[in-house]
Amino acid sequence: MRYHAGVATTVLVVGAGPTGLTLACELLRRGVGCRIIDRAERRFDRARAVDVQSRTLEVLEHVGIHLRVLELGSKLEGLGVYEGASALAHLRFDNNNTPYPFAVALSQAETEGLLEDRLTELGGHVERGVELNGLTQATGGVTTVLGTDAGTTTAHARWVVGCDGARSAVRQLTGIEVEPNGTPYTFSVADADLGWALPTNEMSLFLGGSGFVLVAPMPGGRARVIIDGEPGEPLADLGDFAAACSRRVGAPVSLRAPGHCTSYRVRGHLAKVFRVGSVVLAGDAAHTFNPVGGHGMNQGILDAYELAQELERVAQGAPPDGVLARYAERRRQSAESLQRAMDFEARLSIARAAIPGDQRSRLLELSVGCDPLRRAVLDSAVDMFRRAKW
Ligand SMILES: Cc1cc2nc3c(=O)[nH]c(=O)nc-3n(C[C@H](O)[C@H](O)[C@H](O)COP(=O)(O)OP(=O)(O)OC[C@H]3O[C@@H](n4cnc5c(N)ncnc54)[C@H](O)[C@@H]3O)c2cc1C
């Protein structure tokens, strides 16, 4: 597929992360013309999302890559919650309303690779090294300024979708403000081989007096380990990271190379609106969550799927204002309620979960009594369970 300056594109997708790739695949599959650009010369291979949730798998079935996801990934069937060495609860992702009553452990890089292969099969490709630097809306569409090594060009599109991540240029150039969500948290994350006998078919969450440790098994015997950061606890290497885990778990923890650890300070945000005129936002450009809940990539893929459906309707003659307003409202509400669910409401939902009474009271006690970050982690974990179940 070739594009020429001056020829209008139906949809310009800015950003080829999981959100933009899903959107481009779904638009092409539905026969809606689109162009997808990314300023990066190659795909990121950084440690980010590690799980594909059940609803996302349903969407990826439509996209046509679910079998590859199941083949490359490994099933996660629940979450074990521990206090020190004692098991407090086992939450199961055993929802009967989905053909996929589990999550799949698969790195974001691999999920993006599968999406990009699918895009090629559908006749598209990512134009890499192309950065959106400007946009102006007028009746009938958007004129964009695109920068490449060879210089600057202008391109016209009927719709521009910002899938360009948390610092979205599309969002900023359109003047859409973001609302911060919750307290900023510091997390440290390591991907390493575990010298620790934990189940490989479920995630494990340790809630100790000095912090939490969340372990998400990954294919090939590796695991993503996330802990809450503490001021005065710099983690220079994997040895420091393992020591911090041991303090939280109350027992020796062994993590082996190859592995790396990184610390993040994050605060969720939510765009005030998801659409202005011909410009629409999806994925991290519209909302971010703390990484512990494992929602960002999953939510972005669901946004993209829903938006592609609506843009198909528009291409078939439906009035764009109603159709796109519906997308913008529904997906904003979904992101907002997900952010809210990571707080008090989700804690209460523990009471509805099928957990034996004594374990439930201990969980609630812990949840109410622990600091905001640990509470948010527990809330996220419970929310995953609740969303899978109801
Ligand atoms: C440590 C960590 C762990 C995480 N774990 C999970 C998890 O377990 N589960 C989960 O669901 N999510 C997780 N997330 C969140 C997840 O990684 C993000 O939500 C996801 O990457 C968002 O996808 P996106 O496509 O919306 O944006 P991005 O992945 O950020 O992609 C945006 C793309 O836009 C491009 N771009 C930016 N600006 C421009 C421009 N001006 N012009 C052209 N291109 C541009 C960028 O190069 C990039 O390729 C985690 C994140 C972190 C940091």
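Cut-offs used in this document
Residues numbered from 1 in each chain as written. Predicted model: local features only at pLDDT ≥ 70, side-chain atom pairs only at ≥ 80, totals over all residues. Helix = DSSP H or I, 4+ residues; strand = E, 2+ residues; numbered from the N terminus. Buried ≥ 20, exposed ≤ 12 C-beta atoms within 10 Å, placed from the backbone. Contact = placed C-beta atoms within 7 Å. Axes fitted to C-alpha atoms, helices over the stretch in contact; angles between N-to-C directions. Parallel < 35°, antiparallel > 145°, perpendicular 65-115°, else oblique. Left-handed = near helix turned anticlockwise from the far one by under 90°. Nonpolar A, V, L, I, M, F, W, Y, C, P; charged D, E, K, R; others polar. Pairing = 2+ DSSP bridges. Expected span 1.5 Å × (residues − 1). Arc of directions from axis to C-beta. pLDDT = per-residue confidence, 0-100. Near = placed C-beta within 6 Å.

Novice: Looking at this structure, I do not really get the overall build of the chain. What am I missing?
Specialist: Helix and strand counts for the chain stand at eleven helices and 19 strands. Expressed as a percentage of the 390 residues in the chain, the buried residues total 49%. Within the chain, residue pairs in contact and separated by at least 24 positions form 72% of the contacts whose partners lie at least 6 positions apart.

Novice: How should the packing of helix H2 (residues 54-63) against helix H7 (residues 296-315) be read in this particular structure?
Specialist: When two helices pack together, their arrangement is captured by the angle between the axes and the distance separating the axes. Packing of H2 against H7 brings their axes to within 10 Å, and their N-to-C directions diverge by 40°. In terms of axis orientation, H2 runs oblique to H7. The crossing of H2 and H7 is left-handed. Contacts between H2 and H7 involve Arg-55, Thr-56, Val-59 and His-62 from the former and Asn-298, Ile-301, Leu-302 and Tyr-305 from the latter. Split into classes, the residues belonging to the contact of H2 with H7 amount to four nonpolar, three polar and one charged.

Novice: Looking at this structure, I do not really get the pairing of strand E5 (residues 78-83). What am I missing?
Specialist: Judged from the six bridges that link them, E5 and strand E6 (residues 86-92) form a sheet pairing that is antiparallel. Residue pairing for E6: Tyr-82 is matched across the bridge by Ala-87. In textbook terms, the turn of a hairpin is the stretch between consecutive antiparallel strands, and for E5 and E6 this stretch comprises two residues, one of which, Gly-84, has a positive phi near 60°. Relative to strand E13 (residues 203-208), E5 runs parallel, the two sharing four bridges. Bridge assignment links Leu-79 to a residue of E13, and that residue is Met-203.

Novice: Please clarify how helix H4 (residues 108-121) should be interpreted in this entry.
Specialist: Since one α-helical turn is 3.6 residues long, residues separated by three or four positions face the same way. With 14 residues, H4 should reach 20 Å at 1.5 Å per residue; the first-to-last C-alpha distance of 20 Å fits that figure. Every buried residue of H4 is accounted for by Gln-108, Thr-111, Glu-112, Leu-114, Leu-115, Arg-118 and Leu-119. Buried residues of H4, seen end-on, are gathered within an arc of 160° and therefore sit on one face of the element. Contact partners of the buried residues in H4: helix H1 (18-29), strand E3 (51-52), H2, helix H3 (66-72) and H7. Within two residues after H4, Gly-123 carries a phi angle of roughly 95°, on the positive side.

Novice: For this particular structure, what's the right way to read the packing of H1 against H4?
Specialist: For the pair H1 and H4, interaxial distance at closest approach is 9 Å and the crossing angle is 25°. In terms of their interaxial angle, H1 and H4 are classed as roughly parallel. For H1 against H4, the interelement crossing comes out left-handed. Contact residues: H1 offers Pro-18, Leu-21, Thr-22, Ala-24 and Cys-25, while H4 offers Gln-108, Thr-111, Glu-112, Leu-115, Glu-116, Arg-118 and Leu-119. Each residue belonging to the contact of H1 with H4 can be placed in one class, and the counts come to six nonpolar, three polar and three charged.

Novice: Help me understand the confidence of the model for the chain in this model?
Specialist: Of all residues in the chain, 81% have pLDDT values of 70 or greater, and the mean over the chain is 83. Every residue in residues 1-7 scores below 50 in pLDDT, and together they form eight contacts with partners more than four places removed in sequence or on other chains. Contacts of residues 385-390 to residues separated by more than four positions or lying in other chains number eleven contacts, the stretch itself having pLDDT below 50.

Novice: Just to check I follow, could you spell out the environment of Ala-16 for this structure?
Specialist: Within the secondary structure, Ala-16 is located in the loop between strand E1 (9-14) and H1. When the C-alpha positions of Ala-16 and Glu-116 are compared, they lie 8.6 Å apart, and in sequence the two are 100 residues distant. Look past the residues within four positions of Ala-16 in its chain and what remains in contact with it is Leu-21, Ile-36, Asp-38 and Val-126.

Novice: I'm lost on the site of the ligand in this one. Help?
Specialist: Within the structure, the ligand sits among 33 residues, and Gly-15, Gly-17, Gly-165, Gly-283 and Gly-296 are positioned closest to it. Element by element, the count of residues in the shell around the ligand is highest for H7, at four residues. Partitioned by chemical class, the residues of the shell around the ligand number 14 nonpolar, twelve polar and seven charged.

Novice: Help me understand the sheet that holds strand E4 (residues 74-76) in this model?
Specialist: Either a parallel or an antiparallel arrangement is found when strands of a sheet pair, and the pairing is made through backbone hydrogen bonds. Across the sheet, which stays open at both edges, the three strands sit in the order E3-E7-E4 with antiparallel pairing between neighbours. Two strands bound the open sheet, and with one partner strand each, they are E3 and E4. Bridge count between E3 and strand E7 (residues 103-105): two bridges; the pairing is antiparallel. For Val-52, the partnering residue across the bridge sits in E7 and is Val-104.

Novice: What is the right way to read the environment of Trp-159 from this model?
Specialist: Tracing the sequence through the fold places Trp-159 in strand E11 (residues 151-162). With 19 residues separating them along the chain, Trp-159 and Gly-140 place their C-alpha atoms 8.8 Å apart. Residues in contact with Trp-159, not counting those within four places in the same chain, are Thr-10, Val-11, Ser-278, Val-280 and Leu-311.

Novice: What exactly am I supposed to notice about the pairing of E1 here?
Specialist: Across a regular strand the side chains alternate sides, sitting on one face of the sheet and then on the other. In terms of burial, E1 is a largely internal element, five of the six residues being buried. Bridge count between E1 and E11: five bridges; the pairing is parallel. Paired with Thr-9 across the strands is Ala-157, a residue of E11. As defined by bridge partners, E1 adjoins strand E2 (residues 34-38) across four bridges and the pair is classed as parallel. Counted as the bridge partner of Val-13 is Ile-36 from E2.

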